[in-house]
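# Structural overview for review
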Amino acid sequence: MTVDVGPVGDFEDRRFRIVQAGALEVGVLRWSDRFFAVHNRCPHQKGPVCLGVVSGRLGGSAPGSMEVDEETPVLSCPWHGWEFDLTRGRALWDESYAVKTVPVRVEQGRVLLEVGRGQSAG
Amino acid sequence: MYSGPVIDCDVHHARNTDAELIQYLSKGWREYVTDRGPAGNVPLTVQDGFPNPHGFMRADTYPKNGGEPGSDYATMLEQLLAASDLRRAVLTFGDDSHVAGHHNPYFAAELARAMNDWSVERWLSQDPRLCSSIMVGSQLPDVAAAEVRRHAQTPRMVQVMLVDNPFNRGFGHPVFHPIYAAAEETGRPVAIHGGAGGWANPPSTGGGSVSTYLETHVLWPQAIQTHLVSFIAHGVFEKYPRLRLVLIEAGSAWLPSLLWRFDTEYKGLRREVPWLKKLPSEYFAEHVWVTTQPLEIAPRKENVVELLRSMGLEDRLVYSSDYPHWDADEIEYLSTRLPAEWHDRIFLRNACNLYGWNAEEIAVPKVRAVTK
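The structure displayed is predicted, hence computed values, not measured ones.

How each quantity is defined
- Residues numbered from 1 in each chain as written.
- Chains lettered and ligands numbered in written order.
- Predicted model: local features only at pLDDT ≥ 70, side-chain atom pairs only at ≥ 80, totals over all residues.
- Contact = placed C-beta atoms within 7 Å.
- Nonpolar A, V, L, I, M, F, W, Y, C, P; charged D, E, K, R; others polar.
- Pairing = 2+ DSSP bridges.
- Helix = DSSP H or I, 4+ residues; strand = E, 2+ residues; numbered from the N terminus.
- Axes fitted to C-alpha atoms, helices over the stretch in contact; angles between N-to-C directions.
- Parallel < 35°, antiparallel > 145°, perpendicular 65-115°, else oblique.
- Left-handed = near helix turned anticlockwise from the far one by under 90°.

## Some points on the interface of chain A and chain B
- If you look at the interface, chain A gives 14 residues, while chain B gives 14 residues.
- Here the residues of the side of chain A that touches chain B sort into seven nonpolar, six polar and one charged.

In structure tokens:
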């Protein structure tokens, strides 16, 4: 099922907007000209993950260095700070741990989510 | 009871007189230390402020001909080296090990150099099974690193040992890194021995100072926990990927609790230390060894065994007696507290992995004289 969640212009850059898409509460993020959407529920303790901090992925090529990868937005859950790579939904410290991603696309200036089979409220 | 070959990773050797050490000081430092008239020598050793009410040494380890426990090779031979099938003993000094607790960094560096020469000449020369720690005055990390490199070609100077903490910073702090660069370069593990308590050392307990030896001894693991967490958080094992670390005399059953907590906290606070590429427990499993003494005693020994097993410590524990100290663990006793299938690893093979020794060569059966 395709759900229209509004015009692109309604989405502030680097800010999650929480929308209802069928039975799912989904966080939609505009990251420059890219969009990401994930189920607003952390796999850890079911916290509202999309209320957390979003930033480029922080890394360090050596102890003491702090580098940012702007191509990879990372979401930190406001409960406990667990971080997820939004390009794939995976936790940064364990590939097997993930937030549920929701397919998102832009058509004719509208942001569309694809929810349906396999996209239950879980 | 285990009766196979043994490597003992914590044996305290000691000196009897100041003169033993003073002869290894440079001429200038000898002059500084001596010639004070009735005031005697400048103290060479910093003192721990907590007296043990019944003494720090096993009463039976005082040599028959006088002197300090751990100071007489013949006594050590009888009581330790010949008392089991001991193949290597790693010497860890006595009160002199608190050299990094001296206020004067230059004096500490010179003392450390002298202690190491004393250890090579007075001890390693007596028995090929003896190996020694390299003590460093970590107050001057670059000088300490040079001291490590000075022993690069002396294979039986097997590890760099830290005890006291001159900077009030966990040992992972970059101020100490020159020492680790030298350790990695020369293939020596870094050892951290519990019990820091010298003059310039910060309180070795968290939350505040304590009042009795009982309290400080119970809480020895706290300082070691600080250093272990500091090592991992500062990315020491990312910066020095071949570095090995051994934690001495702080117990081991607390490690699962600490590392479980560390892994959990890391998941939420990774942003602060993005140079880490693995879970803290993974760094531990790849880089850290732990001595057995003092093994925690639970009412049911299975409780301790299960804790140790949960963190894979059967492959990281190395036997240590702590001879001649009051709380030394005997091989016979320890072998009753740990599963028999672990003995070969804990008494021999894990230490070989730590120090880069060939277990098959070390464990080769002793040749016995044949009598007709």
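## Regarding the sheet that holds strand E3 (residues 24–31) of chain A
All names here are of chain A.
- Here we have three strands laid out as an open sheet, ordered E2-E3-E4, and antiparallel in their pairing. The open sheet has two edge strands with one neighbour each: strand E2 (16–21) and strand E4 (34–39). The sheet shows a mean angle of 30 degrees between the axes of neighbouring strands, taken without regard to direction.
- The pairing of E2 with E3 spans six bridges and is antiparallel.

## Quick word on the sheet that holds strand E10 (residues 104–107) of chain A
Residue and element names in this part refer to chain A.
- Spatial strand order, E1-E11-E10: three strands in an open sheet with antiparallel pairing. Because the sheet does not close on itself, it has two edges, and the strands there are strand E1 (2–7) and E10. Between one strand axis and the next, the sheet turns by 30 degrees as a mean value, whatever way the strands run.
- Examined bridge by bridge, E10 and strand E11 (residues 110–114) share four bridges and lie antiparallel to one another. Residue glutamate 107 lies in a different strand from E11, and its bridge partner there is arginine 110.

## Describing the packing of helix H5 (residues 141–150) of chain B against helix H6 (residues 177–185) of chain B
Residue and element names in this part refer to chain B.
- One way to put it is that H5 packs onto H6 with a least axis distance of 7 Å and a crossing angle of 15 degrees. Between H5 and H6, the interaxial angle falls into the category roughly parallel. Here H5 runs over H6; the crossing is right-handed. Across the interface between the two elements, Pro141, Asp142, Ala144, Ala145, Val148 and Arg149 of H5 pack against Pro178, Ile179, Ala181, Ala182 and Ala183 of H6.
- Of the residues assigned to the contact of H5 with H6, the class counts are nine nonpolar, no polar and two charged.

## Quick notes on the environment of A:Gly116
- On the secondary structure map, A:Gly116 appears in the segment after E11.
- For A:Gly116 and A:Gly56, which are 60 residues apart along the polypeptide, the C-alpha to C-alpha distance reads 30 Å.

## Observations concerning the packing of helix H10 (residues 255–269) of chain B against helix H11 (residues 280–287) of chain B
Residue and element names in this part refer to chain B.
- Two numbers describe how H10 lies on H11: the axes approach to 8 Å, and their chain directions differ by 135 degrees. The angle between H10 and H11 places the two elements in the oblique class. Across the interface between the two elements, Leu259, Phe262, Asp263 and Tyr266 of H10 pack against Pro280, Ser281 and Phe284 of H11.
- Each residue belonging to the contact of H10 with H11 can be placed in one class, and the counts come to five nonpolar, one polar and one charged.

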